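Given next are the chains, with one letter for each unit.
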Amino acid sequence: MDPARSERLHFLDGLRGWAAVAVLFCHTFIEVFPYDIDVAKRLAFLLPFSGASAVYAFFVISGFSLSIGYVRTQDGRDLARTAVSRYPRLALPILAATTLVYLMMISGAIPDAAKRVAPLHLALQFEPSVTHVLQFSLFDVFFRFSFETAYILPLWSMEFELLGSALIIGLLVIVGRRKMRVLVYGVLYLILAGFSVFYPTAGLYSLFVAGMVLAELYVRWRPRRPLHYLLLAGLFCFGCLAPYLASHRPGIIYHAGIIAFCAASFWLPWLRSLLEVRLSRYLGRISFPLYLVHGPILFSFSLWALKVLQPLGFDSSTTNTIVALCTIPIAIGCAAAFEPVNNVAIRTSRRFGAVLVAQAAKYLRRREPALGAVVDAA
């Protein structure tokens with residue numbers, strides 16, 4: 001295997017892992033079990049508790065990770081395998097997690113809406129069914145997401161994840177070997193970011209393109225001078241302000257803060273080292289499982305813990321804090337238990353992509369020998 005292709009960038013795993021933890025912290029300590037409203041508002045300005053910033057960082061990371069291999073190797077077959085395997089890579093773990101939520105709903109592990117605290121009482125008010133599980137997991141979550149019919153609420157991001165991935169792969173196919181490709185990516189980023197003023201979702205797709213630009217820069221450039229590290233430190237500080245920018249400068253400037261933090265994570269040595277330690281890499285391995293299971297844990301274990309604690313006479317702030325602190329290790333433990341399912345999905349999707357691309361290449365060689373030679377060369 002080509003070393004350039006096989007080299008794993010462990011800081012990406014770490015960044016994914018801590019981003020998933022930030023989503024968990026946001027939903028637990030701010031949205032569902034806050035100490036009080038004032039504390040929740042203050043925590044929302046801190047990056048480790050900014051769930052939206054973490055999800056947007058996922059988009060930048062996806063743009064980077066989907067394109068970095070092709071930027072290094074220009075391997076068309078590898079890109080084709082990535083394109084084919086992307087949907088099953090996302091859909092299979094979602095189907096497994098949604099099935100678990102379905103079983104929890106019909107068994108009573110997730111109580112009825114009337115027995116839940118706000119804001120959990122607003123979700124999961126529908127009648128679950130096997131058909132609905134399949135429809136949600138395989139189609140709705142990617143193309144027709146609705147909070148009213150969602151089994152796992154954080155999966156609102158999957159529509160952008162799948163279509164953003166298609167955008168990245170399409171750009172690589174069209175201009176990925178052109179000398180002026182970085183200019184094309186930059187112009188497209190500016191267009192999408194500009195349109196975000198009128199169509200906010202366009203700004204989310206600009207984050208994927210920003211990840212592509214960072215991948216190109218990562219291959220071509222390394223910081224060597226003190227000025228370079230000073231610039232990266234400035235990007236880090238600007239990125240730490242992202243949660244503040246979310247409420248005071250939403251849109252382009254907020255997204256720029258997310259991109260700046262990701263860039264600092266890719267190049268600042270001390271930050272990369274933190275993202276590459278064993279704990280960070282482990283959190284990266286369970287990042288998608290944690291993203292999938294922490295919502296169902298809030299609807300089941302956390303509500304049960306709240307019910308147990310309420311008769312003990314603690315004030316609401318103390319009760320919420322205890323529940324939140326208990327929820328964090330339970331969610332991480334459940335994510336660890338879900339990791340084998342995620343690993344099977346990864347292996348299955350890769351195998352599916354490899355087999356399909358190989359069969360397509362054989363078909364093309366039989367039908368169009370000249371075209372088959374081009375495919376082999378790619």
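Everything discussed here concerns the structure shown above.
Because the structure is a prediction, the values reported are computed rather than measured. (Residues numbered from 1 in each chain as written. Predicted model: local features only at pLDDT ≥ 70, side-chain atom pairs only at ≥ 80, totals over all residues. Heavy atoms only, no water.)

> Explanation requested: the overall build of the protein chain in the structure shown.
Across its full length, the protein chain carries 18 helices and 0 strands. Taken against the 2.2 N^0.38 rule, which gives 21 Å for 378 residues, the C-alpha radius of gyration of the protein chain at 22 Å falls within 12% of a compact globule. Overall, the C-alpha framework of the protein chain stretches about 75 × 55 × 45 Å when taken along its three principal axes. In the protein chain, which comprises 378 residues, the proportion classed as buried is 48%. Long-range contacts, defined here as pairs at least 24 residues apart, represent 76% of the contacts in the protein chain between residues at least 6 apart. Roughly 18,400 Å² of accessible area belongs to the protein chain as shown, and the carbon and sulfur atoms make up 66% of that amount. Separation between the mean location of the 34 positive side-chain charges and that of the 20 negative ones in the protein chain comes to 9 Å. (Helix = DSSP H or I, 4+ residues; strand = E, 2+ residues; numbered from the N terminus. Rg over C-alpha atoms; globule rule 2.2 N^0.38 Å. Buried < 20%, exposed > 50% of the residue type's maximum accessible area, 1.4 Å probe, protein only. Contact = heavy atoms within 4.5 Å. Areas by Shrake-Rupley, 256 points an atom, 1.4 Å probe, with all protein chains shown as cover. Lys, Arg positive; Asp, Glu negative; His and termini not counted. Charge placed at Lys NZ, Arg CZ, Asp CG, Glu CD.)

> Please explain a nonpolar patch on the surface as it appears in this structure.
Taken together, the side chains of Met180, Leu183, Val187, Ile191, Phe195, Val197, Phe198, Tyr199, Ile252 and Ile253 make up a nonpolar region of the molecular surface, amounting to roughly 1,000 Å² of accessible area. Elements supplying a minimum of two residues to the nonpolar patch: α8 (181-195) and α12 (252-267). Among the secondary structure elements, Phe195 is positioned in helix α8. (Patch = residues over 30% accessible without salt bridge, like charges linked within 9 Å, V, L, I, M, F, W, Y side chains within 5 Å. Salt bridge = Lys/Arg side-chain N within 4 Å of Asp/Glu carboxyl O.)

> Just to check I follow, could you spell out the packing of helix α4 (residues 51-73) against helix α9 (residues 200-220) for this structure?
How two helices pack is summed up by the angle between their axes together with the distance between the axes. Interhelical geometry of α4 versus α9 gives an angle of 40° and a closest axis separation of 7 Å. One finds that α4 runs oblique with respect to α9. The way α4 lies across α9 gives a crossing that is right-handed. Taking contact as the criterion, the partners of Tyr56, Phe59, Val60, Ser62, Gly63, Phe64, Ser67, Ile68, Val71 and Arg72 in α4 are, on α9, Leu204, Leu207, Phe208, Gly211, Met212, Leu214, Ala215, Glu216, Tyr218 and Val219. For the contact of α4 with α9, the residue count by class is 14 nonpolar, 4 polar and 2 charged. (Axes fitted to C-alpha atoms, helices over the stretch in contact; angles between N-to-C directions. Parallel < 35°, antiparallel > 145°, perpendicular 65-115°, else oblique. Left-handed = near helix turned anticlockwise from the far one by under 90°. Nonpolar A, V, L, I, M, F, W, Y, C, P; charged D, E, K, R; others polar.)

> Teacher, can you tell me more about the environment of Leu217 here?
Tracing the backbone shows Leu217 in helix α9. Overall, Leu217 belongs to the partly exposed group, its relative accessible area being 38%. Residues Leu217 and Ala97 lie 120 residues apart in sequence; the distance between their C-alpha atoms is 36 Å.

> Can you walk me through the pattern of salt bridges in this structure?
Pairs can form between side chains of opposite charge once their charged atoms are near each other. Enumeration according to the criterion identifies 9 salt bridges in this entry. Among the ionic pairs, Asp78 bridges to Arg81, the shortest N-O distance being 3.7 Å. Remark: Arg81 and Asp78 occur in helix α5 (residues 76-107); sequence separation between them is 3 residues, near one turn of the helix. What makes Arg81 partly exposed here is its relative accessible area of 23%. Residue Glu161 pairs with Arg86 through a salt bridge whose shortest N-O separation is 2.8 Å.

> Help me understand unusual backbone geometry in this model?
With glycine set apart, most residues show a phi of negative sign, and most peptide bonds adopt trans. Across the junction of Ala118 and Pro119, the peptide omega takes the value 0°, indicating a cis bond. Here the phi dihedral of Gln74 falls at roughly 55°; this positive angle occurs in a residue that is not glycine. Tracing the sequence through the fold places Gln74 in the loop between α4 and α5. On the basis of relative accessibility, which here comes to 23%, the residue Gln74 falls in the partly exposed class. At Leu124, a position not held by glycine, the phi torsion is positive, near 55°. Residue placement: Leu124 occurs in the loop between α5 and α6 (130-143).

> Would you explain the packing of α12 against helix α13 (residues 269-276) in this entry?
Viewed as axis vectors pointing N to C, α12 and α13 meet at an angle of 85°, and their least axial separation amounts to 6 Å. It follows from the interaxial angle that α12 and α13 lie roughly perpendicular. Residues Ala264, Ser265, Phe266 and Trp267 of α12 form the contact with α13, whose own contacting residues are Pro269, Leu271, Arg272 and Leu275. Grouping the constituent residues of the contact of α12 with α13 by class yields 6 nonpolar, 1 polar and 1 charged.

> Which parts of the structure should I look at to understand the nonpolar core?
Counting residues in each nonpolar core, the largest one holds 110 residues, and the members touching the most others are Phe64, Tyr151, Leu155, Met158, Leu214 and Phe266. Once residues within four sequence positions are removed from consideration, Phe64 is found in contact with Leu9, Leu12, Gly211, Met212, Leu214, Ala215, Tyr218 and Phe266. (Core = buried A, V, L, I, M, F, W, Y, C linked by side-chain atoms within 4.5 Å.)

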